[in-house]
Amino acid sequence: MASRIAGSIFCLLFIIAFGAGGAVGIAGIGAHAGGWLQTRAWQPVMASVQGAQLSESRGRKSTTYRVSAAYTYSVEGKEHRGTRVGYTDTGDNIGSWQEDRYAELDDARRGGRRILAWVDPQQPGNAIIDRELRWGLVLFMLPFATVFPAVSLGELWILIQTWRNPARTRA
């Protein structure tokens, strides 16, 4: 009985840890894929960059970057302010997307040039600068979205079998 409880605790830890990793992967891919599908029908506008910033977060082994911006644009004579650069507002160190967007935005701001932004025609207050799918980020999250939930479900199956057939676990 004690070994079954210890094994169950071990299974629960795997279920929770790998389930959480899977949820993060699924949410990340969902945000990108959902955002990409949503913005396909958005309309192009020219925007003026008011500010751009690249934040760095240094860890022991890597540095994570996060680009942020403020820009203005007009739709049907009404001025709007946007801050959305990509599909998510989180930083990462996958490829150079964060640094590249910052360089483009800061260069446009310093040069007084306008940039292309995409606006939701149904809600002109919604805009985004880069509506391209970041394949490197999606591919990075794919194992989290597939393998991690599979491991979690496998452990759940083992846990259920352990309590359903206690005679099998005594051997």
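What you see is a predicted model, and the numbers here were worked out from it, not measured in a lab.

Rules used in this analysis
- Residues numbered from 1 in each chain as written.
- Predicted model: local features only at pLDDT ≥ 70, side-chain atom pairs only at ≥ 80, totals over all residues.
- Heavy atoms only, no water.
- Axes fitted to C-alpha atoms, helices over the stretch in contact; angles between N-to-C directions.
- Helix = DSSP H or I, 4+ residues; strand = E, 2+ residues; numbered from the N terminus.
- Parallel < 35°, antiparallel > 145°, perpendicular 65-115°, else oblique.
- Left-handed = near helix turned anticlockwise from the far one by under 90°.
- Nonpolar A, V, L, I, M, F, W, Y, C, P; charged D, E, K, R; others polar.
- Salt bridge = Lys/Arg side-chain N within 4 Å of Asp/Glu carboxyl O.
- Buried < 20%, exposed > 50% of the residue type's maximum accessible area, 1.4 Å probe, protein only.
- Core = buried A, V, L, I, M, F, W, Y, C linked by side-chain atoms within 4.5 Å.
- Contact = heavy atoms within 4.5 Å.
- Pairing = 2+ DSSP bridges.
- Phe/Tyr/Trp six-rings, centres within 6.5 Å; stacked < 30°, edge-to-face > 60°.
- Lys NZ or Arg CZ within 6 Å of the ring centre and 35° of its normal.

## Description of the packing of helix α1 (residues 2–39) against helix α3 (residues 135–164)
- The interhelical angle for the contact between α1 and α3, taken along N-to-C directions, is 150°, at an axis separation of 7 Å. Between α1 and α3, the interaxial angle falls into the category roughly antiparallel. Pair α1 / α3 crosses with left-handed handedness.
- For the contact of α1 with α3, the class distribution of residues is 21 nonpolar, nine polar and two charged.

## Focus: the pattern of salt bridges
- Scanning all chains against the criterion turns up eight salt bridges.
- Here Arg 66 ties to Asp 89 by a salt bridge, and the two come within 2.9 Å at their closest N and O atoms. Residue Arg 66 is found in strand β2 (residues 63–75), and its partner Asp 89 is found in the loop between β3 (78–82) and α2 (97–111); the two are separated by 23 residues along the sequence.
- The class for Asp 89 is exposed, based on a relative accessible area of 54%.

## Structural notes on the nonpolar core
- Core analysis: the biggest nonpolar cluster contains 17 residues, and Tyr 71, Tyr 73, Leu 105 and Ile 115 have the highest contact counts within it.
- Sorting the residues of this core by element identifies β1 (43–58), β2, α2 and β4 (114–119) as the ones contributing at least two each.
- With five residues, β2 is the largest single contributor of residues to this core.
- In this view, Leu 105 contacts Val 49, Ala 52, Val 67, Ala 69, Val 85, Ile 115 and Ile 129; residues no more than four positions away in its chain are not counted.
- Judged by nonpolar contacts, the second largest core, of seven residues, contains Ile 94, Leu 137, Val 138 and Ala 145.

## A short note on the sheet that holds β2
- With antiparallel pairing, the five strands of this open sheet are ordered in space as β3-β2-β1-β4-β5. Two strands in the sheet have a free side with no partner beyond their single neighbour: β3 and β5 (127–128).
- Of the strand pairs in this sheet, β1 and β4 are connected by six bridges, and their pairing is antiparallel. Paired with Pro 44 across the two strands is Trp 118, which belongs to β4.
- This element, α2, spans β1, β2 and β4 of the sheet and lies at about 125° to β1.

## Section: the packing of aromatic side chains
- Tallied over the entire structure, the rule returns six aromatic pairs.
- Taking the centre distance of 4.9 Å and the plane angle of 55° together, the rings of Phe 10 and Phe 14 count as tilted. Pair noted here: Phe 10 and Phe 14 are both in helix α1, with a separation of four residues, about one helical turn.
- Ring plane angle 45° and centroid distance 4.8 Å describe the contact between Phe 18 and Phe 148, whose orientation is recorded as tilted. On the criterion of sequence distance, the pair formed by Phe 18 in helix α1 and Phe 148 in helix α3 is long-range, its members being 130 residues apart.
- Overall, the relative accessible area of 23% leaves Phe 18 in the partly exposed class.
- Members of the aromatic cluster, connected to one another through ring pairs, are Phe 10, Phe 14, Phe 18, Phe 140, Phe 144 and Phe 148.
- Lying over the aromatic face of Trp 118, Arg 131 brings its terminal NZ or CZ to 3.4 Å of the ring centre.

## Observations concerning the pairing of β1
- Of the pairings in the sheet, the one linking β1 to β2 comprises 11 bridges and is antiparallel in character. Residue Gln 53 lies in a different strand from β2, and its bridge partner there is Ser 68.
- Hairpin connection of β1 to β2: four residues between the antiparallel strands.

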